[in-house]
Amino acid sequence: MIRSPSLRIGSFLGVAFLLAACAHTPSTTSQNVAAAAVVPLDAIVPLPAKVEPAPARAPVRIDATTRVDACGDEAQKVARYFVDLVQRTRGFALTVDCAANKPAAGIRFVFHEGRDAYAGWYWLKADAGVVEVSSGSDAGLFYGAVSLWQLLTAHPATASSATHIASGTITDWPRYPWRGLMLDSARHYQPLEFIKKLIDAMALHKLNTFHWHLTDDQGWRIEIKKYPRLTEVGAWRVPPGPAAAADIDPATGKPRRYGGYYTQDEIRDIVAYAAQRHITVVPEIDMPGHMQAAIAAYPELGTGEKPAVSTDWGVHTYLLNVDESTFKFIEGVLDEVVDLFPSRYIHIGGDEAAKDRWQASKRVQARRKQLKLADDTALQAWFVGRLETMLEAHNRKLIGWDEILEGGALPQSASVMSWRGSKGAIDAARAGHDVVLSPSPDLYLDNLQSDAADEPSGRPYLVTLEKLYGFEPTPAELDAQQARHVMGAQANVWVEHMRTTARVEHAVFPRIAALAEVNWSARERRDWPGFLARLPAQLARYRALDIGYAESAFLPRAALAAAADASGVVDVTLSNQTGFGVLRYTRDGSEPDATSPVYAAPLALPAGTPLRAATFVERTRLTRTVDIATDASALRRRSSGELKPCRDNGLVLRLEDDAPLTGERPFYSVDIFDACWIWPQADLPASAAIEVDVGSIPYNFQLWKDVKHVVRRKPSTASGELQIRRGGCTGKPWLTLPLKTAVGNTGQTTLRASVPAKAKAGAEDLCFVFTRPSTKTLWVVGEVRLVAREAQAQ
């Protein structure tokens, strides 16, 4: 026997699977029924390649007394990982041994040493009281253990109950060799323990590539011993806005710095931790753009400026220059990077290299002409070629974003990660390059999962669970030979708008389960209804692993309308995004349970009814309870997320406030080109006053050429105003609310104005815009309320 490696499977306290699921499980009866049910062999995410049930054979019983047999180092290592995982999520400790005489019942892990096997292939057979997992691939044996763990956690169960696994055989292997997830640690630093938690979760979804975005304009996160200022200077910034400016560090007497970096010892730890879980860590050092943090540390790398580490989001224009001394710097960085990361691939970025400063630099242009290159795009292609030569000297392969295809012939050994749609992958594969599909917006997890008004910050292009599940990595435009260059798909977690690890978890889970099935399961095997049916068990596993997943796909949502007869009755329509499960509700303020009424048609409720709803699958709770306001005022208020942007071609973001420094912060939906909102058909006739909660956040965006789209309205006063127009957004303001009382308030301020009597002619659109005294501040709407005449009288 060998000792198992130190394994971290989340930050929960070894609670049994049932206890972790209890918050969403309404009755002991349903638990017992679920525990006694036979688990089918396809109750796994991602769905196995081939399942052959044996319904005539008795199911295999697994409980706390089951023996685990594993001989040889590889089998024992996997067996101990499996046992540790079961103990943490089922609450019982299985014993691992290597028996000379194989037991007649139990679990066996068998590693076929020396047998050729496709990486990740495994075989799981359940029959005659034994579940045997075998493979000639160490990764395959590991994935087989993960599948068996999923079968043992497919139904809620206690530490003392048994699981019955259906007899039959699973023959399984991955569709693609690159099954990736990218985490941006440059915009916001994440603690080491969170990185490990994410890697744990990746392994349990059979993902095998962790693309780690470690450098950008806003932060340099990797220790390079030859260039210490990269982390001494480049890893830190002072966040924008008055709240951060007022947060003084007593040690320095200056605003507190924000950031962090990973030491080389920590990086080696992460790489080893991932390797134990058959995950390769691919580092990204983005060049020649996205380098402002490095240039802030070593200004000689740029084109003459001395910028600070950026506090802005967007496309920056600070590029590395093309001097030989800069390539010496790059070589020194890459020497240490390849020593830290044994991955075959090193990602060099190559995206969004805005060349304004190259064009303005006499030195850069002289070098371009010396090299006889036609333009700066060709100069970048030459730059990429230099990087490829450096990596080849280390026996590594270059991979970069699809811009590396531009400007000249890409070295044949280089691979392309296609992010601007799939065209880059198509062009690269046709040219004989290996490709990874990672297109925006389809696989960009900073895009929101729903259009619900309470979704956290991100980009409001919707990438729902279903949309991601429907993604096909191999473009239809490729023929069979070209398609062989598709290595797989990768989802990207850009964190400009995910300040906390809780926001990252919300963005990643459960969409990572859809990504896993897209990458692993054959296209013809994928089945959206079947995936949904397997997802409740996966969500219960997340709860057991203390993973804060998003409920956006299943959470009840309500649409309210006043009854046509003005009787004080509110019509409530309930739904959820996927239509999966049933919605149960109560009207007395109590918690919905398995006996609560099932929603079947719109509800006509007296205004003020304490309506609560939750989604259930059969008799088991799937979501938390949602409290639905049905009072008359609920019909007369709109958050910024419920208002409409004023134009279709803007850049709408869901942004987090910069205050308070600790605790929860409000979110705002705003078009950063034109901060303008519309409330369609607002009920003015019954309104006596209008109230608007407004806030101010830093306007920290580098828009490059898109700056021409920004609308700035001239203020009438030094503080600026909120202007409200009727019937549209043109013409003179109907109401003007000064911002003087809001200036300097790091929280929200409520502005109020009476509705002129002559305005009460009928419902019509209301348009809300701010004048902008300063380009450094973005004024935003939090919520708008129309105060009814009756409420005003009270």
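Residues numbered from 1 in each chain as written. Predicted model: local features only at pLDDT ≥ 70, side-chain atom pairs only at ≥ 80, totals over all residues. Heavy atoms only, no water.

A.B. asks: Help me understand the overall build of the protein in this model?
C.D. replies: Scanning the protein for helices and strands turns up 20 helices and 44 strands. Relative to the globule expectation of 28 Å for 794 residues, the C-alpha radius of gyration of the protein, 29 Å, shows essentially globular dimensions. Reported as C-alpha extents along the three principal axes, the dimensions of the protein are approximately 90 × 80 × 60 Å. Burial status across the protein gives 58% buried among its 794 residues. Taking all contacts inside the protein whose residues are at least 6 apart in sequence as the whole, residues at least 24 apart take part in 74%. (Helix = DSSP H or I, 4+ residues; strand = E, 2+ residues; numbered from the N terminus. Rg over C-alpha atoms; globule rule 2.2 N^0.38 Å. Buried < 20%, exposed > 50% of the residue type's maximum accessible area, 1.4 Å probe, protein only. Contact = heavy atoms within 4.5 Å.)

A.B. asks: When you look at the side chain of Glu 472 in this model, what are you seeing that I'm missing?
C.D. replies: Within the element layout of this structure, Glu 472 appears in the loop between α15 (465-469) and α16 (480-483). The exposure class assigned to Glu 472 is buried, which follows from its relative accessible area of 16%. Reaching out from Glu 472, the side chain makes a polar contact with the backbone nitrogen of Thr 474 at a distance of 3.2 Å. (Polar contact = N/O pair within 3.5 Å; in protein donor to acceptor, adjacent residues only side chain to side chain.)

A.B. asks: So what exactly am I meant to see when it comes to helix α14 (residues 423-430) here?
C.D. replies: An α-helix turns once every 3.6 residues. As a result, residues three or four positions apart point the same way. Considered for burial, the residues of α14 that qualify are Gly 424, Ala 425, Ile 426, Ala 428 and Ala 429. Where α14 is buried, its residues meet β23 (415-418), β24 (435-437) and α16. Positive phi appears at Gly 432, one or two residues downstream of α14, with a value of about 95°.

A.B. asks: For this particular structure, what's the right way to read the nonpolar core?
C.D. replies: When a protein is soluble and globular, its nonpolar side chains tend to lie buried together. Ranked by internal contacts, the top residues of the largest apolar core, which has 155 residues, are Phe 82, Phe 109 and Leu 181. Ranked by residue count, the leading element in this core is helix α4 (residues 138-152), at 10 residues. One finds Ile 672, Trp 677, Ile 697 and Ala 742 within the second-largest nonpolar core, a separate group that totals 39 residues. (Core = buried A, V, L, I, M, F, W, Y, C linked by side-chain atoms within 4.5 Å.)

A.B. asks: What is the right way to look at the packing of aromatic side chains in this model?
C.D. replies: How two aromatic rings sit relative to each other is set out by the distance from centre to centre and by the angle between their planes. With the rule as written, the count across this model stands at 25 aromatic pairs. Their ring planes at 45° and their centres at 4.7 Å tell us that Tyr 81 and Phe 142 sit as a pair that is tilted. Of the two residues, Tyr 81 is situated in helix α3 (residues 73-90) and Phe 142 in helix α4; the sequence distance between them amounts to 61 residues. For Phe 142, a relative accessible area of 2% puts it in the buried group. Judged by centre distance (4.8 Å) and plane angle (50°), the ring pair of Trp 212 and Tyr 262 falls under tilted. In this pair, Trp 212 sits in strand β12 (residues 209-213) while Tyr 262 sits in the loop between β18 (258-259) and α8 (264-276), placing the two residues 50 residues apart along the sequence. Within the aromatic cluster, the residues linked to one another by ring pairs are Tyr 81, Phe 142, Tyr 143 and Trp 520. (Phe/Tyr/Trp six-rings, centres within 6.5 Å; stacked < 30°, edge-to-face > 60°.)

A.B. asks: For this particular structure, what's the right way to read the pairing of β23?
C.D. replies: Burial along β23 is two-sided: the face carrying Ser 415 and Met 417 and the face carrying Val 416 and Ser 418 are both buried. Direction of pairing for strand β22 (residues 397-401) relative to β23: parallel, over a ladder of 3 bridges. When the bridges of β23 are listed, Trp 401 appears paired with Met 417. By the bridge criterion, 3 bridges tie β23 to β24 in an arrangement that is parallel. Its bridge partner lying in β24, Met 417 is registered against Val 436. Taken together, β23, α14 and β24 constitute a β-α-β crossover, and its handedness is right-handed. (Pairing = 2+ DSSP bridges. Right-handed = clockwise from strand over helix to strand, strands pointing away.)

A.B. asks: Just checking my understanding: could you explain the sheet that holds strand β27 (residues 569-575) for this structure?
C.D. replies: Within a sheet, each strand pairs with its neighbour through backbone hydrogen bonds, oriented either parallel or antiparallel. Across the sheet, 3 strands lie side by side as β26-β27-β29; this open sheet has antiparallel pairing. Two strands bound the open sheet, and with one partner strand each, they are β26 (557-562) and β29 (603-606). Direction aside, the axes of adjacent strands within the sheet are offset by 35° on average. Bridge count between β27 and β29: 4 bridges; the pairing is antiparallel. The residue of β29 that forms the bridge with Val 570 is Leu 605. (Axes fitted to C-alpha atoms, helices over the stretch in contact; angles between N-to-C directions.)

A.B. asks: Explain the packing of helix α18 (residues 511-520) against helix α19 (residues 528-544) here, please?
C.D. replies: Between two packed helices, the angle of one axis relative to the other and the distance separating the axes together describe the packing. Where α18 meets α19, the closest approach of the two axes is 10 Å, and the angle between their N-to-C directions is 125°. When the axis of α18 is compared with that of α19, the two are oblique. In the packing of α18 onto α19, the handedness of the crossing is right-handed. Taking contact as the criterion, the partners of Ile 512, Ala 513, Ala 514 and Glu 517 in α18 are, on α19, Phe 531, Arg 534, Leu 535 and Tyr 542. (Parallel < 35°, antiparallel > 145°, perpendicular 65-115°, else oblique. Left-handed = near helix turned anticlockwise from the far one by under 90°.)

A.B. asks: Hey, could you run me through the pattern of salt bridges in this one?
C.D. replies: Summed over the entire model, instances satisfying the criterion amount to 44 salt bridges. Residue Arg 503 pairs with Glu 664 through a salt bridge whose shortest N-O separation is 2.9 Å. Taken together, the positions of Arg 503 in helix α17 (residues 501-508) and Glu 664 in the loop between β35 (652-656) and β36 (667-671) put the pair 161 residues apart, joining distant regions of the chain. With a relative accessible area of 17%, Arg 503 lands in the buried category. In this structure, the salt-bridge partner of Glu 783 is Arg 785, at a minimum N-O distance of 2.8 Å. In the salt-bridge network here, residues are joined through shared partners; they are Glu 691, Asp 693, Arg 752, Glu 783 and Arg 785. (Salt bridge = Lys/Arg side-chain N within 4 Å of Asp/Glu carboxyl O.)

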